[in-house]
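Chain residues, written in single-letter form:
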Amino acid sequence: MLNQLTISNLAAKLAKREASAREAVQSCLDQIARVDGRVGAFLSADPADAFKQADAADRALAEGTTHAQKPLLGVPIAIKDVIAVKDQPLSCASRILQKYVSPYDATVVEKLRAAGAIVFGRLNMDEFAMGSSTENSAFGPTKNPWDTSRIPGGSSGGSAAAVAADECIGSLGSDTGGSIRQPAALCGCVGFKPTYGRVSRYGLVAFASSLDQIGPLTKDVRDTATLLEVISGLDNRDSTSVPQPVPRYATIIGEGIKGLKLGLPKEYLVGGIDPDVNNAVRIAVAQLQKLGAEIQEISLPHTDCAVATYYIVATAEASANLARFDGIRYGLRVDGTDPIELYAKTRGTGFGAEVKRRIILGTYVLSSGYHDAYYLRAQKVRTLIQQDFLKAFEHVDAIVTPTTPTAAFTIGEKSGDPLQMYLSDIFTISCNLAGICGISLPCGFTTSTPKLPIGLQLLGKPFGEETILKLAHAYEQSTGWHREKPRL
Amino acid sequence: MAAVDIDVHYVAHLARISLEPEEAQKLGAQLGQILGYIEKLNQLDVTNVEPTAHAVPLVNVTRPDDVRPSLPNDQALGNSPAKANGLFVVPKIVE
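Residues numbered from 1 in each chain as written. Chains lettered and ligands numbered in written order. Predicted model: local features only at pLDDT ≥ 70, side-chain atom pairs only at ≥ 80, totals over all residues. Heavy atoms only, no water.

J.: Tell me about the overall build of chain A, and name the residues and values.
T.: Check the secondary structure of chain A and you find 16 helices and 11 strands. Radius of gyration (C-alpha) of chain A: 21 Å, near the 23 Å computed for a compact globule of 488 residues. Overall size of chain A, expressed as C-alpha extent along the three principal axes, is 65 × 55 × 45 Å. For chain A, buried positions account for 66% of its 488 residues. Put simply, chain A shows about 15,500 Å² of open surface, and 50% of that area lies on carbon and sulfur atoms. (Helix = DSSP H or I, 4+ residues; strand = E, 2+ residues; numbered from the N terminus. Rg over C-alpha atoms; globule rule 2.2 N^0.38 Å. Buried < 20%, exposed > 50% of the residue type's maximum accessible area, 1.4 Å probe, protein only. Areas by Shrake-Rupley, 256 points an atom, 1.4 Å probe, with all protein chains shown as cover.)

J.: Give me the lowdown on the state of the cysteines, citing residues and values where you can.
T.: Residues and elements named next belong to chain A. One pass over the full model with this rule turns up zero disulfides over all chains. Of the cysteine sulfurs around C28, a residue in no disulfide, the closest is that of C168, at 6.5 Å. The exposure class of C168 is buried, given its relative accessible area of 0%. (Disulfide = S-S within 2.5 Å.)

J.: Could you give an account of the nonpolar core, naming the residues involved and the relevant values?
T.: Residues and elements named next belong to chain A. In this structure, I83, L112, F128, L288, F389 and L458 are the most contacted members of the largest nonpolar core, which totals 172 residues. With 10 residues, the top contributor of residues to this core is helix α10 (residues 306-321). Other than its neighbours up to four places away in sequence, F389 contacts Y268, L300, I399, S430, A434, I436 and L459. (Core = buried A, V, L, I, M, F, W, Y, C linked by side-chain atoms within 4.5 Å. Contact = heavy atoms within 4.5 Å.)

J.: Can you explain the packing of aromatic side chains? Please cite residues and give values.
T.: Residue and element names in this part refer to chain A. This model, assessed by the stated rule, comprises 16 aromatic pairs over all chains. Between Y100 and Y330, the aromatic rings sit 5.7 Å apart at their centres with planes inclined by 75°, giving edge-to-face as the arrangement. On the criterion of sequence distance, the pair formed by Y100 in the loop between β2 (76-80) and α4 (107-114) and Y330 in the loop between α10 and α11 (339-350) is long-range, its members being 230 residues apart. Assessed through its relative accessible area of 14%, Y100 is described here as buried. Here Y310 and Y311 contribute two aromatic rings whose centre-to-centre distance is 4.8 Å and whose plane-to-plane angle is 75°, an arrangement assigned as edge-to-face. As far as burial versus exposure is concerned, Y310 and Y311 are alike and both buried. Taken together, Y100, F128, F325, Y330 and F351 form an aromatic cluster joined through their ring pairs. Looking at K414, its charged tip hangs above the ring of F409, at a distance of 4.5 Å from the centre. Note that K451 overlies the ring of F445, its terminal NZ or CZ placed 4.3 Å from the centroid. (Phe/Tyr/Trp six-rings, centres within 6.5 Å; stacked < 30°, edge-to-face > 60°. Lys NZ or Arg CZ within 6 Å of the ring centre and 35° of its normal.)

Laid out in structure tokens, this is it:
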């Protein structure tokens, strides 16, 4: 079954002409037809467009184009519904953009196409990437492939579930406070949040511009390295993208990890962590040590303030970014007697509860009389959080933590209590505030029935992607958790 | 952590979001609780700490000021809720 393959295995089969790109697309579409009624990862797929791209890839293969030239040639990659793909819907899982069709490709999509990928499907998410469970989608929740009564995580829940359920070969998501790593952990796949500025945000619908990054979700670490290498790099259409050369991640991951220093933050293994998660992470740390990494305890003293800081900074930025949805130039319009009423009715009707909550919170923390007490103070605490990491990285090469405090929770369990939902991101949020990179990869399962995946998080220095990829690859290859598949 | 009182109607007006009465009430309670949690930042001493707006600051990023292709008019208007004569139609603003 081609849909079950990794990028590297599918590419090898395509190169040997043992399979065609058209068959690969067909295999993914068959799996979507078989399981997506239960999983709900895809908002739409455009089979005709996917086959057109597949036929072009098959022609290129027949003419002798190699995967050394185009590393993703003929490989179907699905895209979170917050990233622009020309002539495809771009709804951000929101009613306000329900009928929006993108007039252009995001930079990452151009790069995927240049690498030969088949860009297909729109993946479900929390509306405007605001959420940790994909329950905030205006078009219905995505379910966890390991137990469909549970959430897949979020906001890139569709991206993680689609990979875990073998509905695509790999996917792209976006991560503002953990939105790639948290669903990757809960669905049992690999997810990567690049250093801020590593990947262009052009064509990514903005949520919190100083925190957002696009990244890959895949079936193993090698595939993540391959996708990251393709989508990274300077882009003059995103003034925050950084002029740093892109390393050959997919080659570098094979290097050993002997002597690398790994920090274990004492603030991360405290109360509130599920015993199964705690146990799996401790065993994983011992395994990394066995592979040659040196473990030492470190301290990130402002960990406890990260969630509060995030929900000021992210909502403030969101309130400004989402001001563009006003019913004038695109999207939903609900008429009113004057322009102000038109704006308010359009936004009141078009946005879901969580988006309204965050815009109003963000407006409040920026409003006259409150700016200094909330927003400015949060920006200062952000400095302290960033300094925690930079100080720790003077002593260690990477940091190891659980990705989430618990495995996947049930649908509805936290949707009535926003604060509890926010606290489920406690281990992933600091990475975005500090602008560093992070990966989540499978490190075991709960002892419950049905068993649920557990994620290990590795955090790296700014532009230290290759270090955490090496560590993740060495760990993964020595354990094999990533080969386990949900029964669907 | 004590809940914080917030005038939801006023802030929703600033944000140009209309709310149903029961929606406003629920939001007010939830936001009060979230702001109560956020108060924990007041325990930190941030004197002499510089604010961070961007984790990876770049300054004076420019690109050559060249004329480049842009969206043609019909595509730029393609997603608009109301258009006429190649323009967006907006509600009457001045009498």
